[in-house]
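Chain by chain, the residues run as shown.
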Amino acid sequence: MERNPVGWFEIYVNDMDRAKEFYETVLQATLTELPAPDGNGEMFAFPGNENAPGTSGALVKHEMGVPGPSGALLYFSSADCATEIGRVEAAGGKVLMPKFSIGDFGFCGIVSDTEGNTIGFHSMS
C-alpha cells in the first residue's frame, strides 16, 4: 500500500495538562495516554487509524525536546479550517494568520498553541 511520507509526529510541550486541554478543545478530540518509550516524560496520542490515509502523533513532554515557534510546521486537516481556528483563542492559543486561500490547494490558517508551537489547519473548503 502506498503511504504518505510522514508516519508519526510529536509536538513538544512544557505543560502537558494545558497542552492536552488546548488540543482537545480546538480539535474536539480525546487524546490517549501512551507509555513513554524510555520510561521518562509523558505522551498523549491524537486519535488515529494506521490503516487510514495521513498520520497521527502525540504530545510529548520530555527533556529531549522543547516547544517553540521555529520547528517543523504541521497542518491538521479539517472540513473547514475556520472552525478549528475559531476555537484557538478561547483555548488559550493565538491566531497568527486567519483562514486564507492557497488557490487550487484550498485554505489554511496558522496559529500558536499554549506552548508556543506554531501549527496550521488546512481544508479544501
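Above this text sits the structure in question.
Given the structure is predicted, the values throughout are model-derived calculations rather than measurements.

Cut-offs applied
- Residues numbered from 1 in each chain as written.
- Predicted model: local features only at pLDDT ≥ 70, side-chain atom pairs only at ≥ 80, totals over all residues.
- Heavy atoms only, no water.
- Core = buried A, V, L, I, M, F, W, Y, C linked by side-chain atoms within 4.5 Å.
- Buried < 20%, exposed > 50% of the residue type's maximum accessible area, 1.4 Å probe, protein only.
- Helix = DSSP H or I, 4+ residues; strand = E, 2+ residues; numbered from the N terminus.
- Pairing = 2+ DSSP bridges.
- Axes fitted to C-alpha atoms, helices over the stretch in contact; angles between N-to-C directions.
- Phe/Tyr/Trp six-rings, centres within 6.5 Å; stacked < 30°, edge-to-face > 60°.

(A) A look at the nonpolar core. Ranked by internal contacts, the top residues of the largest apolar core, which has 22 residues, are Tyr 23, Phe 46, Leu 59, Phe 76 and Phe 121. The set of elements that each furnish at least two residues to this core consists of strand S1 (9-12), helix H1 (16-27), helix H2 (81-88) and strand S8 (118-123).

(B) A look at the sheet that holds strand S4 (residues 57-61). Spatially, the 4 strands line up as an open sheet ordered S1-S4-S3-S2, and their pairing is mixed. Either end of the sheet is taken by a strand with one partner, and the two such strands are S1 and strand S2 (32-34). When strand polarity is set aside, the average angle formed by the axes of neighbouring strands in this sheet is 30°. In this sheet, S4 lies alongside strand S3 (residues 42-45) in antiparallel orientation, the contact comprising 4 bridges. Bridge pairing in S4 places Met 43 opposite Val 60.

(C) Examining the packing of aromatic side chains more closely. By the definition in use, this model includes 7 aromatic pairs. Centre to centre, the rings of Phe 9 and Phe 76 are 6.0 Å apart; their planes meet at 90°, and the pair counts as edge-to-face. With Phe 9 in strand S1 and Phe 76 in strand S5 (residues 75-77), this pair connects stretches of sequence that are 67 residues apart. Each of the two residues, Phe 9 as well as Phe 76, counts as buried. Ring geometry for Phe 46 versus Phe 76: centroids 5.4 Å apart, planes at 50°, classification tilted. Placement of Phe 46 in the loop between S3 and S4 and of Phe 76 in strand S5 is noted, with a sequence separation of 30 residues between them. We note that Phe 46, like Phe 76, is buried. Members of the aromatic cluster, joined through ring pairs, are Phe 9, Phe 22, Tyr 23, Phe 46, Phe 76 and Phe 121.

Keep in mind that these numbers describe shape and distance, not what the molecule does.
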